[in-house]
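Commentary on secondary and tertiary structure
Residue-level listing of the chains:
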Amino acid sequence: MNPSRRSFLTLAATAVPLAALGASSAWAAVCYDPATLPLSQKNRRRSIGYMDVAADPARRCAGCAFFTAAEEGCGKCLMLNAAVNAGASCGSFAPRGK
Ligand code: SF4
């Protein structure tokens, strides 16, 4: 493999995950500041597998029984007792009753 092709592939392999991370951080910054979350809140989010961008659109916080909508795109999660993104999700997702 020539050096320029290798450099390009290395750059591409690094840039895609960083872009995804940036998008996730941007979503988080809308509803809460991830940098100022207390350690207990970080641990709680980690323990339930919280993700700022839901992998499955059918399992977004906005459709969860534990979610209470607040300002546009944000709300409060009763499980976390904290602000979350409406487009986030976690392993404790419970579909809202109809
Ligand atoms: S419990 Fe529901 S509202 Fe809370 S983070 Fe998980 S999916 Fe979102």
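One can find the structure itself at the top, above this paragraph.
Worth saying up front: this structure is predicted, and the values here are computed from it rather than measured.

Remarks on the state of the cysteines
By definition, a disulfide links the sulfur atoms of two cysteines through a covalent bond. Counted under the stated rule, the structure contains one disulfide. Note that cysteine 31 is cross-linked by a disulfide to cysteine 74, the S-S spacing being 2.0 Å. One disulfide, between cysteine 31 and cysteine 74, carries an S-S torsion of -85° and so falls in the left-handed class. Highlighted residues: cysteine 31 in helix α1 (residues 3-31) and cysteine 74 in strand β2 (residues 74-77), separated in sequence by 43 residues. Take cysteine 31: its relative accessible area is 13%, and that puts it in the buried class.

Brief notes about the environment of asparagine 85
Following the sequence through the fold, asparagine 85 ends up in strand β3 (residues 82-85). The class of asparagine 85 is buried, set by a relative accessible area of 0%. When the C-alpha positions of asparagine 85 and valine 30 are compared, they lie 7.7 Å apart, and in sequence the two are 55 residues distant.

Considerations on the site of the ligand
Tyr50, Cys61, Cys64, Phe66, Phe67, Cys77, Met79, Cys90 and Phe93 make up every residue found near the ligand. Here the shell around the ligand is composed, by residue class, of nine nonpolar, no polar and no charged.

Here's the deal with unusual backbone geometry
A positive phi angle, close to 55°, is found at asparagine 81, a residue other than glycine. Looking at where asparagine 81 falls in the secondary structure, it is placed in the loop between β2 and β3. The exposure class of asparagine 81 is exposed, given its relative accessible area of 52%.

Overview of the sheet that holds β2
In space, the three strands of this open sheet follow the order β1-β2-β3, with antiparallel pairing throughout. Two strands in the sheet have a free side with no partner beyond their single neighbour: β1 (67-69) and β3. Between one strand and the next, the sheet's axes are offset by a mean angle of 40°, whatever the strand orientation. As paired strands, β1 and β2 are joined by three bridges and run antiparallel to one another. From the neighbouring strand, threonine 68 faces β2, where its bridge partner is lysine 76.

Rules used in this analysis
- The numbering scheme is per chain: residues are counted from 1 as the chain's sequence reads.
- pLDDT decides what is reported in this predicted model: residues at 70 or higher carry local features, side-chain atom pairs at 80 or more are listed and counted, and totals for whole chains, interfaces and linings draw on all residues regardless.
- Hydrogens and water molecules were not included; the side-chain quantities draw on all heavy atoms of the structure.
- When the sulfur atoms of two cysteines come within 2.5 Å, that pair is taken as a disulfide.
- Strands are runs of DSSP state E lasting at least 2 residues, helices are runs of H or I lasting at least 4, and numbering of each runs from the N terminus.
- Exposure categories follow from relative accessible area, calculated using a 1.4 Å probe and restricted to protein chains: below 20% of the type maximum is buried, above 50% is exposed, and the middle band is partly exposed.
- Distances are taken per atom, and a residue is near a molecule or strand as soon as one of its heavy atoms is within 4 Å of it.
- Here the nonpolar group is Ala, Val, Leu, Ile, Met, Phe, Trp, Tyr, Cys and Pro; Asp, Glu, Lys and Arg are the charged ones; every other residue, Gly included, is treated as polar.
- For two strands to pair, DSSP has to find at least two bridges joining them.
- Note on method: axes are straight lines fitted to C-alpha atoms, helices fitted across the in-contact stretch only, with angles between N-to-C directions ranging 0 to 180 degrees.

Remember, this is a structural readout, not a statement about activity or role.
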